[in-house]
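Geometric and topological summary
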Amino acid sequence: MFRWIVSSFIVLACSASDVRASVAGNALYFDGVDDLVRIPDAPHLRFDNQQSFTIEGWFNLMGAINDGRKLISKRDSSTTVAMIDIRIDESGPVLAKYRDTAGVVEIIGGGSTVQMDNWYHFAVRKDADSDTWSMFINGDLKSTKPTLLGDMTPYADLLFGETEYPADVNFVGVMDEVRIWGSARTDSEIAQHYDQIIGDPHSQPDLVGYWNFDELPDDQQVLDSSSFEHFGSLGNTLVVGVDDPIRIVSTAPLVPEPSTALLFGVASIAALRRRR
Ligand SMILES: [Ca+2]
Ligand SMILES: [Ca+2]
Ligand SMILES: [Ca+2]
């Protein structure tokens, strides 16, 4: 009896770690020098001032903080164009910076200093109804402020890991599970779902981009699992290059959605039994 209890416990413990690994899939490691993901510009990836949106993702910083480790950006090499730029600032926290076509800049910060070798989730929300920006870290609202921005429609490509602005410092570390919503996700939606993968992305009409980096390690394409299919490339092109991030097994602390967790658990236990 005792042996049965112990072996059952081991099976359950193993299945929990298997579930986590299988849920998070792969992630991308960026070298901090020149690695990036490029997603071509598209109408649903423009964020004008009439539009609500939420941008979220997971990262694990693996280098020292200095001037702005770039996480996600949409800007060109000019200092005057409209842009969105989400970064780890040299002062420590995650920041989001926005600039409208008139050159007005707004910055919103994410609270405490980012520590190396830790996974963080960020969510940046623009609510066009209340004209507010908000920043969430690990599902918690860290700051919210009114926005006075005018027209702001960045037409540049969407980049992960770097920006088009030469002076910017690239991201060094691992990124996973980047999502863009064409709506202002509520506080409770962000808090409830920040660490859950989306089991059925096509059932989410507001999900306009969903990059989980779960392709095969050598695949140059970066697939978008949303209905909008904003496919991108490792590096600037689909050719193998020094600017390609590397796909690795993700350790992001992601879990299944509650409705699918049981299925994942049953499938993992069944797989373990087959292996024994
Ligand atoms: Ca992943
Ligand atoms: Ca490439
Ligand atoms: Ca490189």
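Residues take numbers from 1 onward in each chain, read along the sequence in its written order. Written order determines the labels here, with chains lettered from A and ligands numbered from 1. Restriction of local features to residues with pLDDT of at least 70 applies here, the model being predicted, together with a cutoff of 80 or more for giving and counting side-chain atom pairs; totals for whole chains, interfaces and linings are based on all residues.

Let's shift gears to the overall build of the protein. Looking only at helices and strands, the protein features three helices and 16 strands. With C-beta atoms placed from the backbone, a residue is labelled by how many other C-beta atoms lie within 10 Å of its own: buried for 20 or more, exposed for 12 or fewer, partly exposed between the two. The proportion of buried residues among the 276 residues of the protein is 40%. Contact definition: two residues whose C-beta atoms, as placed from backbone geometry, lie within 7 Å. Across the protein, every contact between residues at least 6 apart in sequence was considered, and the portion connecting residues at least 24 apart equals 68%. Each helix is a run of H or I in the DSSP string that is no shorter than four residues. Each strand is a run of E no shorter than two, and both are numbered from the N terminus.

Each nonpolar core reported here comprises buried Ala, Val, Leu, Ile, Met, Phe, Trp, Tyr and Cys residues connected via C-beta atoms within 7 Å. Counting 59 residues, the largest nonpolar core has Val37, Ile86, Val94 and Met175 as the members making the most contacts within it. For Val94, the residues in contact, after removing those within four places along its chain, are Ile86, Ile88, Gly110, Val114, Phe122, Met135 and Ile137.

A word on unusual backbone geometry. We note that Asp117 has phi near 60 degrees; this positive angle belongs to a residue other than glycine. Checked against the element boundaries, Asp117 lands in the loop between strand S7 (105-109) and strand S8 (119-127). According to the C-beta neighbour criterion, Asp117 is exposed, with 9 such atoms within 10 Å. Located in the positive-phi region is Glu229, a residue other than glycine, with phi close to 50 degrees. Along the polypeptide, Glu229 turns up in the loop between strand S14 (221-222) and strand S15 (232-234). By C-beta crowding, Glu229 is classed as exposed, having 10 other C-beta atoms within 10 Å.

Here we come to the confidence of the model for the protein. The pLDDT value expresses, per residue, how confident the predictor is, ranging between 0 and 100. Model confidence for the protein is summarised by a mean pLDDT of 86, while 86% of its residues fall at 70 or above. Low pLDDT, under 50, characterises residues 1-20; the predicted model gives this stretch twelve contacts beyond four residues in sequence or across chains.

Two strands pair when backbone bridges link them, and strand S9 (residues 132-137) and strand S10 (residues 140-146) are joined in this way by six bridges, in the antiparallel orientation. In the strand pairing of S10, Thr132 is matched with Pro146. At least two DSSP bridges between two strands are required for those strands to pair.

This paragraph deals with the environment of Gly32. Note that Gly32 resides in the loop between strand S1 (26-31) and strand S2 (37-39). When the C-alpha positions of Gly32 and Arg69 are compared, they lie 8.3 Å apart, and in sequence the two are 37 residues distant.

This part covers the environment of Leu71. Residue placement: Leu71 occurs in strand S4 (residues 69-74). C-alpha separation for the pair Leu71 and Gly173, spaced 102 residues apart in sequence, amounts to 10.0 Å. Ignoring anything within four residues of it in the chain, the contact list for Leu71 reads Gly57, Phe59, Ile86, Arg87, Ile88 and Phe171.

So, about the pairing of S1. Two strands pair when backbone bridges link them, and S1 and strand S16 (residues 246-249) are joined in this way by four bridges, in the antiparallel orientation. Following the sheet pairing, Tyr29 is matched in S16 by Ile246. Looking at chain direction, S1 and strand S12 (residues 172-181) are connected through four bridges and run antiparallel. Of the residues in S12, the one forming a bridge with Tyr29 is Val174.

Take the environment of Pro217 next. Locating Pro217 in the fold gives a position in the loop between strand S13 (207-211) and S14. Spatially, the C-alpha atom of Pro217 lies 7.1 Å from that of Ile248, the residues being 31 residues apart in sequence.

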